[in-house]
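Structural overview
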Amino acid sequence: MATTDSPESPQKLYAAREPVFPRRVRGKFRALKWWIMALTLGVYYLTPWIRWDRGPNLPDQAVLVDLAGRRFFFFWIEIWPHEFYFIAGLLIMAGLGLFLFTSALGRVWCGYACPQTVWTDLFILTERWIEGDRNARVRLWNAKWNLRKWRLRLSKWAVWLLIGAATGGAWVFYFTDAPQLLGDLFTGNAHPVAYTTIAIMTFTTFFFGGVAREQICIYACPWPRIQAAMMDEDTVVVAYRDWRGEPRGRGKQREGLGDCIDCNACVNVCPMGIDIRDGQQLECITCALCIDACDEMMDKVGKPRGLIDYIALKDEVHERAGGHKRSLIKHVLRPRVLLYTFLWAAIGVALTVMLFVRPVIDLTVRPVRNPTFVTLSDGSVRNTYEVGVRNKHGESRPFYFTLGIDSPFMVNVEGTVETMLSVPADTEGKTRLYVTAPAGTDMARDDRTEIRIWVIDGVTGDRTFHDTVFNGRGQ
Amino acid sequence: MSDKKQDVGTTGHEWDGIKEFNNPLPRWWVWTFYATIVWGIGYTIAYPAWPLINGATRGVLGYSTRTEVASEIDRFAEMNAGIKAELAAMDVTEIAANEAVSNYAIQSGRATFATYCSQCHGAGADGVAEGNGYPNLLDDDWLWGGDIEAITYTVTHGIRNGTDDDARFSEMPAFGDDYLSDEEITNVVAYVRSLSGMESMGNVEEGAVVFADNCTACHGENAQGDREQGAPNLADAIWLYGGDEQSVEHSVRVGPKGAMPNWNARLDEAQIKAVAAYVHQLGGGE
């Protein structure tokens, strides 16, 4: 319960950001991060340029979000708007995947694969190339604005802007033919939306990755606040073995001191500007750069590695009691992780199955209810249905409607006496379909009759149906 | 939280032993907050916002959704001006062959129908309900002809309206006013219903004689109707004023006759052609 104590002391309402100058670091986790950066950025930038021949009338881009045509192309898969459940399923899988990895390995997404991390890493890398490593950057930060500072700052911002522009450019390439758009962008013929999108993406990338950096993770991102719910004492996180390192101290005389030489290497490399030795913190994205930095130092002073390490809370309890760290697999194999894995895989399997069993033809049938039926002069009763047939093929197709070979109903497409509707390539053909029950038949007399409307592809013979009802005179 | 932040103190709030640090807000956050206040004030000055007794402040930009809608309507009217002129100049029989004009005619005809015609003929053009005297425009039965030229003429001049000299005109006498006896009416009703295979009290043979003497001039020898006079076909399954015994008898007694306004007074030529094209393609057009 809240106590009624008054605040202890009046504080300033706001505080300036404390600048963070991560030092360069080498090590296996740093190398892993470089590889992941290369892979993710490579996939992101290059995917729109993969060609995929779908025949005439269809785009040749392997991955294309065709907003104008309301379709999504992914290699051999074509998703129409009514099949959006595939996208929804993938999004749910992405969410569950995040739960899965977080419950097993903590904020591994944040530390390695999150775009914010990847681009911030890239921006810090270019910053280091231009302005130098940590100490040089701290000096430059404190220096007066002279010609050199202006030159370094302007060139850094220019490179950041270029990276940002490339980001925006890569994004718009997913939405239209990439080579065509690239040419149009440079000749000034591209759609204003493309320029606007690139401008917004350039600004947000520049600002998020270059200026705001860890502020996004701490203040803007909801994920740090949610992820605690997925973690428990078996979750592997980055931690400092204080039972081994404390009391920390500098100097050669190590008697009475722990392994921590208080060199601050772990603090200096941290992109979030925290000290991991203070324990688990909301800001920590478990990028493990402090592990690399500390291991390097431990090697130099001849101590075993792992003063800062990937470790679970259970390990800490074990080690304090003189036991050993358990293997990763033992931490991972637990009901929570297995449940997330199962759910994730179940949706994946379901989506894959649906991909292969989805109907070749899409038929929609909407009975017209105003009026429900029309009596014709010969006493026959006619119902009208608004039907839509989607032709997913690259050329025009005839589609035939029928209610079955021995059906007494007569079928005709509005404006014709035919049962055929010709649908142009890759569009949905819409028409009104008249179904007529001859005078004196049960269907004409009865209130409602269940009917099944079939549509048959005139070329392949593929067919599908839609069940609906026929309204008679109800006498 | 890290140790270095302990010097900010706590707010004095405590929940189950968990205390709340009195950390200051990030500076950029405070600035953003102030910026939204400035933006909000500017917005209420620029756009209609503050409620007054008779409406709201207009805003210095003079924006209103009403003028926006009006300008959108003007824009679409301008865009359609060319095709509308083409429709107005075109012979109605040629509309169906011209895809662009036909498409425009049917879509705008649908809107015109909903505005001016649906009050009597129903939103679905089925005459509101069977047998109430408003013709169903979806079926294949036409009193005055169902090709597009006949429909256009009907829409243009109307029926029995007394305001257009060219209106279609015919009148069925009220046979209950001393023309026929009650028995003759009962018999002729039986005869007319028998043509559609329906039974009723009354003598069919005698009814046939009554029919031949009084009704064939308009409804024809075989009761097939006459489109020249708008006389309904009495041998089919469609009954404008209802086909049950009471309804048919009522029709014979009072001679019902609906009227339709002449729309040339209220719609322009393109609108009339459009509504005719729309009605013609509803499923009963000839």
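In this report, the structure presented in the accompanying data block is examined. Being a predicted model, the structure only gives us computed values, none of them experimental. In this convention, every chain numbers its residues from 1, walking through the sequence in written order. Both sets of labels track the order of writing: A upward for chains, 1 upward for ligands. Residues qualify for local features only when their pLDDT is at least 70, as the model is predicted, and side-chain atom pairs are given and counted only at 80 or more; totals for whole chains, interfaces and linings, by contrast, use all residues. Side-chain measures here rest on the full set of heavy atoms in the structure, leaving out hydrogens and waters.

Here we look at the overall build of chain B
Counted only if it meets this: Strands here are runs of E lasting at least two residues and helices are runs of H or I lasting at least four, both read from the DSSP assignment and numbered beginning at the N terminus. Residue exposure (1.4 Å probe, protein chains only): buried if accessible area is under 20% of the type maximum, exposed if over 50%, otherwise partly exposed. Whether two residues touch is decided by their heavy atoms; if any such pair falls within 4.5 Å, the residues are in contact. Per-residue and other accessible areas were derived by the Shrake-Rupley procedure at a 1.4 Å probe size, with only the shown protein chains allowed to occlude residues.
When its secondary structure is counted, chain B shows 9 helices and 5 strands. Helices (α) and strands (β) of chain B occur, in sequence order from the N terminus, as β-β-β-α-β-β-α-α-α-α-α-α-α-α. The buried share among the 286 residues of chain B stands at 37%. The long-range fraction of contacts in chain B, counting pairs at least 24 apart against all pairs at least 6 apart in sequence, stands at 53%. Split by element, the accessible area of chain B, about 16,600 Å² in all, is 55% carbon and sulfur.

Some words on unusual backbone geometry
The general pattern is negative phi for most residues beyond glycine and trans for most peptide bonds. All names here are of chain A. Cis geometry marks the peptide bond from Glu246 to Pro247; its omega dihedral reads -10 degrees. The topology assignment puts Pro247 in the loop between helix H11 (242-245) and helix H12 (265-269). Phi is positive for Arg213, close to 45 degrees, though the residue is something other than glycine. Structurally, the position occupied by Arg213 is in the loop between helix H8 (192-212) and helix H9 (214-220). Non-glycine residue Ala288 carries a positive phi angle of around 70 degrees.

A closer look at the packing of aromatic side chains
In this description, a pair of aromatic rings is defined by centroid distance and the angle of the planes. Residues and elements named next belong to chain A. Stated formally: We call Phe, Tyr and Trp rings a pair once their centres come within 6.5 Å, taking the six-membered ring for Trp, and we label the pair stacked below 30 degrees between planes, edge-to-face above 60, and tilted otherwise. Only when the NZ atom of a Lys or the CZ atom of an Arg is both within 6 Å of the ring centre and within 35 degrees of the ring normal do we say a charge sits over the ring.
For the structure on display, the rule yields 30 aromatic pairs over all chains. When the ring of Phe21 is compared with that of Trp141, the centres are 5.8 Å apart and the planes differ by 70 degrees; the resulting orientation is edge-to-face. Taken together, the residues span a long stretch of sequence, with Phe21 in the loop between strand S1 (14-15) and helix H1 (28-46) and Trp141 in helix H5 (residues 134-142) at a distance of 120 residues. Since its relative accessible area comes to 12%, Phe21 is described here as buried. Plain terms: the ring middles of Trp52 and Phe75 are 5.3 Å apart, the flat faces sit at 85 degrees to each other, and that makes the pair edge-to-face. In this pair, Trp52 is assigned in the loop between H1 and strand S2 (63-66) and Phe75 in the loop between strand S3 (71-74) and strand S4 (77-79), connecting sequence segments 23 residues apart. Grouping aromatic residues by their ring pairs yields a cluster made of Tyr44, Tyr45, Trp119, Trp171, Tyr174 and Phe175. For Arg71, the ring lying beneath its charged end belongs to Trp80, and the centroid distance is 4.9 Å. The side chain of Arg452 reaches across the aromatic face of Phe465, ending 3.8 Å from its centre.

Focus: the side chain of A:Glu78
Residue and element names in this part refer to chain A. Inclusion rule: Distance and chemistry together define a polar contact, namely a pair of N or O atoms within 3.5 Å, with one atom able to donate a hydrogen and the other to accept it when in protein, and with adjacent residues in sequence counting only for side-chain atoms on both sides.
Positionally, Glu78 belongs in strand S4. With a relative accessible area of 12%, Glu78 lands in the buried category. A polar contact of 3.3 Å, which involves the side chain of Glu78, links it to the side chain of Arg71.

Here we look at the pattern of salt bridges
All names here are of chain A. Rules: What counts as a salt bridge is simple: a side-chain nitrogen of Lys or Arg found within 4 Å of a carboxyl oxygen of Asp or Glu.
One pass over the full model with this rule turns up 46 salt bridges over all chains. Among the salt bridges present, the one from Glu83 reaches Arg358, with a minimum N-O distance of 2.8 Å. Taken together, the positions of Glu83 in the loop between S4 and helix H2 (85-105) and Arg358 in the loop between helix H16 (335-357) and strand S7 (362-367) put the pair 275 residues apart, joining distant regions of the chain. Overlapping salt bridges, with partners in common, bring together Glu127, Arg128, Glu131, Asp133, Arg137, Arg153, Lys156 and Arg213 in one network.

Re the sheet that holds strand S10 (residues 397-402) of chain A
All names here are of chain A. For clarity, the threshold we go by: Here, a strand pair is defined by DSSP locating no fewer than two bridges between the strands. Fitted lines through C-alpha atoms serve as axes, helices being fitted only where they are in contact, and the angles separating the N-to-C directions of these axes extend from 0 to 180 degrees.
One open sheet holds the 4 strands; their spatial order is S12-S10-S14-S15, and the pairing between them is antiparallel. Strands at the two margins of the open sheet, each flanked by one partner only, are strand S12 (420-423) and strand S15 (463-471). For this sheet, the mean angle separating the axes of adjacent strands, direction not counted, is 25 degrees. Sheet topology note: the S10/strand S14 (residues 448-457) ladder contains 4 bridges and is antiparallel. Bridge pairing links Thr402 to Trp454 in S14.

Points about helix H8 (residues 245-254) of chain B
All names here are of chain B. The condition that has to hold: The reported arc concerns the directions from the helix axis to the C-beta atoms and nothing else.
Of the residues making up H8, those classed as buried are Ser247, Val248, Ser251 and Val252. One face of H8 carries all of its buried residues, which in axial projection span an arc of 135 degrees. Among the structural elements, helix H5 (182-195) are those in contact with the buried residues of H8. Gly255 sits one or two residues past H8 and shows a positive phi near 60 degrees.

Things to note about the sheet that holds S2(A)
Residue and element names in this part refer to chain A. Strands sit in the order S2-S3-S4 across an open sheet of 3 strands; the sheet is antiparallel. In this open sheet, the two strands that pair with only one neighbour each are S2 and S4. Strand-to-strand, the axes of this sheet are offset by a mean angle of 10 degrees, without reference to chain direction. When S3 meets S4, the two strands line up antiparallel, connected through 3 bridges. Among the inter-strand pairings, Phe72 is bridged to a residue of S4, identified as Ile79.

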